[in-house]
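Listed here are the chains, written in short residue letters.
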Amino acid sequence: MSEKIYFNFQGPWSDAATELLCSDTGSWRTERPVLDEEKCILCGFCAMYCPIQCIEMKGQFFHSDLNFCKGCGVCARECPKKAISMVPEGEFK
Amino acid sequence: MNMNSEKSELKVITGNGAAAISAVLCRPDVVAAYPITPQTEIIEKLSHYHATGRLDAEMVTVDGENSAMNTVTAASAAGARVFTATSSWGLVFMYDAVLAASGARAPVVMVNVNRETPGIIAVSAGQQDMISIRDCGWIFLIAEDSQEILDLVIMAYRLAEDYDIQVPVMVHYDGFYLSYMAERVEVPSQKSVDDFLAVLKTQPERTKLVPGQKLGCGAHGILEGYVELRHKHCAAMERAKDKFEEISLDFEKQFNRSYGGQIEEYRLDDAEIVLVASGSMCGTIKTVIDEQREKGLKIGLLRIRMFRPFPSEKIIKALKGKKCAGVVDRSICFGFKPGPMCVELKSFSRELGDLKILSFIDGIANTDITKINVEKMISMTIAGAKGENVPEVTWISYDKDLKEC
Amino acid sequence: MADKKKKKRLSKVFDYLKYEDPFAKGVSFCAGCPLERLVRFVPQVMGNDIVITGTPSCSAPVLLGQNGKSWHKLSYYGTLMTGAASNATGLARYYKRAGIDGTVVCFNGDGTAADIGFGNLSGAAERNEPFVYICYDNEGYMNTGIQKSSTTPFGAKTTTTPVGSNERGKNLRRKNLGLLLAMHKIPYAATATLSNLEDFAKKLLKAKEISKKGFCFLHIFSPCPTGWGMPTDTGIEVCRKAVQTNYFPLWEAENGKFSFTKEVKKPKPIKEYVKLVKKFSHLTEEEIEVLQKDVDYEYAVLKQLSLLDQECPLPD
Ligand code: SF4
Ligand code: SF4
């Protein structure tokens with residue numbers, strides 16, 4: 001049995017002020033959202049609906065953070081201009 | 001109850017009344033109220049005190065006992081001093097929340113008015129409700145009379161909320177016998193109770209759930225984290241033993257009343273034979289002991305006041321060198337022949353040396369533990385001390401061999 | 001392209017996201033689960049100083065910490081499903097007494113809200129406790145592996161209402177949780193979903209305000225891609241279709257005054273919703289008609305309620 005201390009408290013309290021738990025959800029992805037900047041009208045719906053809130057304005061356009069993007073495709077489906085397409089990860093190997 | 005008086009007052013009140021007044025004197029922030037026989041009078045009284053301004057607290061008239069325990073536990077985690085009371089099936093209905101409270105190490109104080117529980121719906125006295133949940137991680141204190149009910153509730157707050165303890169405390173007393181019986185009770189002044197509890201304010205603050213503080217309670221403590229929390233909990237339970245001795249001494253200084261600490265030793269010093277018991281039956285037992293002492297019999301009583309944590313060290317010290325102990329249980333340990341407290345006592349029989357231990361089961365479902373019953377127990381214990389052949393377990397009021405039933 | 005500067009035309013709902021998303025970016029909801037959008041949306045709109053309570057459920061691993069660490073920066077309290085609303089009661093009452101500011105948000109699935117914790121939810125509503133109860137309704141016990149709940153709709157296939165020679169999914173109708181709670185005469189009850197985020201945000205803000213005085217209940221439609229058999233990208237689309245077919249109408253009741261916050265002019269037939277979700281794929285035309293009738297009935301009741309003039313505010 002390890003003697004590591006997990007809880008800094010008597011009870012099951014967790015202090016989230018400094019460090020957060022975080023999963024490597026980017027590794028779940030089988031498809032990747034790819035943006036066609038020509039079509040994008042910068043409405044932001046992709047960023048608004050992305051369940052994990054990993055789409056942010058980078059430079060002039062909205063881009064997904066591929067460290068966390070699960071590849072669900074919600075952004076692509078909700079984009080009113082069909083500016084995002086889901087491309088199999090294999091193509092980026 | 002005169003809230004401003006600096007003097008204590010003598011009153012004739014029921015055990016339930018004593019519990020309610022005591023709760024008021026401890027100034028809880030949040031009180032959850034739900035009725036059940038024989039506890040109902042407590043929450044009626046508290047509601048009355050609240051309506052008339054004597055109790056300044058958030059009074060939550062919940063939708064069931066489960067809600068009562070959940071409400072006070074969360075309030076406690078947020079930093080409140082809390083109170084609630086229950087009995088029997090009510091205790092069962094809140095069982096998941098009772099476990100959650102101890103897991104959260106929330107210093108809840110609850111009164112449980114003992115009543116029979118499993119299976120047969122009996123509106124009658126017995127400690128079976130307490131026994132059925134004894135491994136819930138709470139501290140259990142057991143009162144003998146109304147005065148002690150009042151006093152134990154006050155001591156319970158000192159214990160539960162102590163920074164070194166932070167474990168919920170349940171104060172038990174016998175339903176019907178104590179709940180409804182009116183006795184003379186000295187009600188301490190508000191100031192003296194405030195003074196007694198003021199020590200808690202000098203301690204470091206316990207962890208509290210505050211909005212925006214980035215702190216959470218109720219984590220999944222998986223694997224080692226879980227083991228770690230369990231270990232901490234057990235350590236706190238161990239610390240609670242000495243802490244309760246300390247608190248009992250402080251209490252005596254403040255209020256001039258003393259009961260002993262984890263156990264009360266009644267005429268035990270030179271005793272050769274001992275009855276081990278808890279709760280209201282101890283009054284009767286003490287009377288019989290006094291009578292038998294007149295006749296020259298060396299007999300004493302060991303009264304268990306703290307049942308969780310179990311006062312093993314104290315019991316070993318008190319019983320060492322005695323000849324025979326009869327343990328009286330007002331409950332059953334299903335699957336074991338002896339009563340529950342007897343089973344637990346036997347777990348350290350090696351340390352007790354040659355002591356012979358007998359189990360007496362009596363007083364379940366309101367059957368009175370009369371003087372005659374106690375005399376019977378004593379004569380069997382004497383026989384045991386002499387090495388005569390006495391049954392290991394005797395149901396005093398229903399003496400049949402289990403094989404015959 | 002490079003010289004052609006585009007102008008941002010952000011949707012209005014962005015104005016409502018006033019606060020930081022307090023969650024870690026990588027949390028373990030299934031890909032595409034609207035519930036993940038929901039848990040992030042609530043503090044984005046209501047603020048990070050809410051106290052959130054969670055129960056064992058799909059959201060539990062994320063709302064509650066593990067081994068002394070947490071997935072988010074909110075104050076949270078983990079409770080059992082049986083007493084979720086009572087725990088929130090304890091927190092809210094003490095904060096009220098101690099004069100501590102902060103909204104308590106009791107965040108639970110339909111299993112807790114409509115079933116195992118329904119009694120104490122009803123109790124808290126009756127006592128008008130000062131907190132916000134959010135039920136995310138994914139129409140079943142998803143975390144334990146897709147079992148039927150009392151909000152599972154007619155015909156839906158779950159692991160306890162399977163489809164076989166003797167059974168054709170759930171042959172009972174769903175409980176209308178929002179209406180039931182509104183009938184407690186609480187100051188605020190509303191429905192919302194993830195396709196209509198502006199509507200949802202307004203309701204969250206209203207609830208935050210009103211909860212200072214009394215109980216607020218939000219019933220959120222939150223489809224489960226994994227449990228319902230939906231492609232991961234269709235979560236929002238299914239929400240939208242549920243609104244457009246009146247399967248999940250968007251309404252609110254303030255002090256007992258009902259109104260639709262989105263009247264669907266020409267509701268689409270339920271068929272169009274049903275076909276998006278595999279849990280209904282076995283249904284015949286007749287069976288779909290049963291579901292349609294149920295939806296029509298619930299809508300008709302709401303319609304009548306919305307026409308009433310009466311209110312039932314609590315005296316101050
Ligand atoms: S694929 Fe899903 S997770 Fe990835 S950016 Fe789009 S919406 Fe977000
Ligand atoms: S939804 Fe489509 S058009 Fe709108 S910002 Fe995102 S990519 Fe551009």
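**Digging into the site of ligand 1**
Surveying the vicinity of ligand 1 reveals 14 residues, the closest of which are Cys50, Cys69, Cys72, Gly73 and Cys75 of chain A. Counted by class, the shell around ligand 1 contains ten nonpolar, three polar and one charged residues.

**Details of the sheet that holds strand β5 (residues 109-114) of chain B**
Think of a sheet as strands paired side by side through backbone hydrogen bonds, with each pair either parallel or antiparallel. Residues and elements named next belong to chain B. Pairing in this open sheet of seven strands is mixed, and the strands run β3-β2-β4-β5-β7-β6-β13 from one edge to the other. Each end of this open sheet is capped by a strand with a single partner; those strands are β3 (58-61) and β13 (306-308). For this sheet, the mean angle separating the axes of adjacent strands, direction not counted, is 20°. In the packing of helix α1 (residues 15-25) onto the sheet, the strands contacted are β4 (82-86), β5 and β7 (169-174), and the crossing angle to β7 comes to about 155°.

**Quick notes on the domain arrangement of chain B**
Residue and element names in this part refer to chain B. Structurally, chain B comprises domain 1 (9-255) and domain 2 (263-404). If you average the C-alpha positions of domain 1 and of domain 2, the two centres end up 28 Å apart. For the pair domain 1 and domain 2, the summed buried area comes to about 2500 Å², and 50% of that belongs to carbon and sulfur atoms. Across the salt bridge formed by Arg305 and Glu148, the nearest N and O atoms sit 2.6 Å from each other. Residue contributions to the side of domain 1 that touches domain 2 peak at seven residues, all from helix α9 (residues 224-255).

**What about the environment of Ala190 of chain C?**
Residue and element names in this part refer to chain C. Positionally, Ala190 belongs in strand β5 (residues 188-193). For the pair Ala190 and Leu91, spaced 99 residues apart in sequence, the C-alpha to C-alpha distance is 23 Å. Not counting chain neighbours up to four residues away, the residues in contact with Ala190 comprise Lys203, Phe217, Leu218, His219, Trp251 and Glu252.

**Description of the packing of helix α3 (residues 65-78) of chain B against helix α5 (residues 95-103) of chain B**
Residue and element names in this part refer to chain B. In contact at an axis separation of 8 Å, α3 and α5 are set at 15° when each is read in the N-to-C sense. Considering their axes alone, α3 and α5 lie roughly parallel with respect to each other. Remark: the crossing between α3 and α5 carries left-handed chirality. Between α3 and α5, the residues in contact are Asn66, Met69, Asn70 and Thr73 and Asp96, Ala97, Val98 and Ala101, respectively. When grouped by side-chain class, the residues that make up the contact of α3 with α5 number four nonpolar, three polar and one charged.

**Points about the nonpolar core**
Soluble globular proteins tend to bury their nonpolar side chains together. If you look at the biggest cluster of nonpolar residues, it comprises 91 residues, and the most contacted ones within it are Met69, Trp138, Leu302 and Leu319 of chain B together with Phe131, Tyr133 and Phe215 of chain C. Two domains each donate at least three residues to this core, and these are domain 1 (9-255) and domain 2 (263-404) of chain B. The residues contacting Met69 of chain B, other than those within four sequence positions of it, are Thr84, Met94, Ala97, Val98, Ala101, Val108, Met110 and Trp138 of chain B. By size, the runner-up hydrophobic cluster in this structure holds 72 residues, among which are Leu21 of chain A together with Ala60, Leu64 and Val274 of chain C.

**What about the interface of chain C and chain A?**
With 48 residues of chain C at the interface, the matching set in chain A holds 42 residues. Carbon and sulfur atoms make up 59% of the surface buried where chain C meets chain A, a total of about 3800 Å² over both sides. Here chain C is connected to chain A by two salt bridges. With its nearest N and O atoms 2.5 Å apart, the salt bridge here joins Glu78 of chain A to Arg240 of chain C.

**Quick word on the interface of chain B and chain C**
Listed by partner, the interface residues are 42 residues for chain B and 35 residues for chain C. Here chain B meets chain C over a buried area of about 2900 Å², counting both sides, of which 55% is carbon and sulfur. Remark: the boundary between chain B and chain C carries five salt bridges. The partner of Asp63 of chain B in a salt bridge is Arg127 of chain C, and the shortest N-O contact between them spans 3.1 Å. Run the count over chain B and chain C and you get 16 residue pairs in polar contact (both at pLDDT 80 or more). Of all the secondary-structure elements, those providing two or more residues to the side of chain B that touches chain C are β3, α3, α5, β9 (215-217) and α9 of chain B. The leading source of residues in the side of chain B that touches chain C is α3 of chain B, at nine residues.

**Describing helix α11 (residues 285-307) of chain C**
All names here are of chain C. The first and last C-alpha atoms of α11 sit 32 Å apart over 23 residues, in line with the 33 Å expected at 1.5 Å per residue. Of all the residues in α11, the buried ones are Glu287, Ile288, Leu291, Gln292, Asp294, Val295, Glu298, Tyr299, Leu302, Leu305 and Ser306. Buried residues along α11 sit against α6 (177-182), β7 (250-254), β8 (257-262) and α10 (270-274).

**Points about the layout of surface pockets**
If you add up the space inside the largest pocket, you get close to 950 Å³. Around the largest pocket, the lining comprises 39 residues; the ones closest to its centre are Leu99, Gly103, Ala104, Tyr226 and Arg230 of chain B. Elements represented by at least two residues in the lining of the largest pocket include exactly α5 and α9 of chain B together with β2 (75-78) of chain C. It is α9 of chain B that contributes the most residues to the lining of the largest pocket, eight residues altogether. Residue composition of the lining of the largest pocket, by class: 17 nonpolar, 14 polar and eight charged. Mapping the lining of the largest pocket onto the domain boundaries places at least three of its residues in each of domain 1 (9-255) and domain 2 (263-404) of chain B.

The rules behind the values
- Residues numbered from 1 in each chain as written.
- Chains lettered and ligands numbered in written order.
- Predicted model: local features only at pLDDT ≥ 70, side-chain atom pairs only at ≥ 80, totals over all residues.
- Heavy atoms only, no water.
- Near = heavy atom within 4 Å.
- Nonpolar A, V, L, I, M, F, W, Y, C, P; charged D, E, K, R; others polar.
- Pairing = 2+ DSSP bridges.
- Helix = DSSP H or I, 4+ residues; strand = E, 2+ residues; numbered from the N terminus.
- Axes fitted to C-alpha atoms, helices over the stretch in contact; angles between N-to-C directions.
- Contact = heavy atoms within 4.5 Å.
- Domains from an automatic or database assignment.
- Buried area = accessible area lost by both parts, 1.4 Å probe.
- Salt bridge = Lys/Arg side-chain N within 4 Å of Asp/Glu carboxyl O.
- Parallel < 35°, antiparallel > 145°, perpendicular 65-115°, else oblique.
- Left-handed = near helix turned anticlockwise from the far one by under 90°.
- Core = buried A, V, L, I, M, F, W, Y, C linked by side-chain atoms within 4.5 Å.
- Buried < 20%, exposed > 50% of the residue type's maximum accessible area, 1.4 Å probe, protein only.
- Polar contact = N/O pair within 3.5 Å; in protein donor to acceptor, adjacent residues only side chain to side chain.
- Expected span 1.5 Å × (residues − 1).
- 1 Å grid on protein atoms, 1.4 Å probe; cavity = no way out; pocket = protein on both sides within 12 Å on 5 of 7 lines; lining within 4 Å.
- Points joined across faces, edges and corners; volume = space filled by probe spheres on them.

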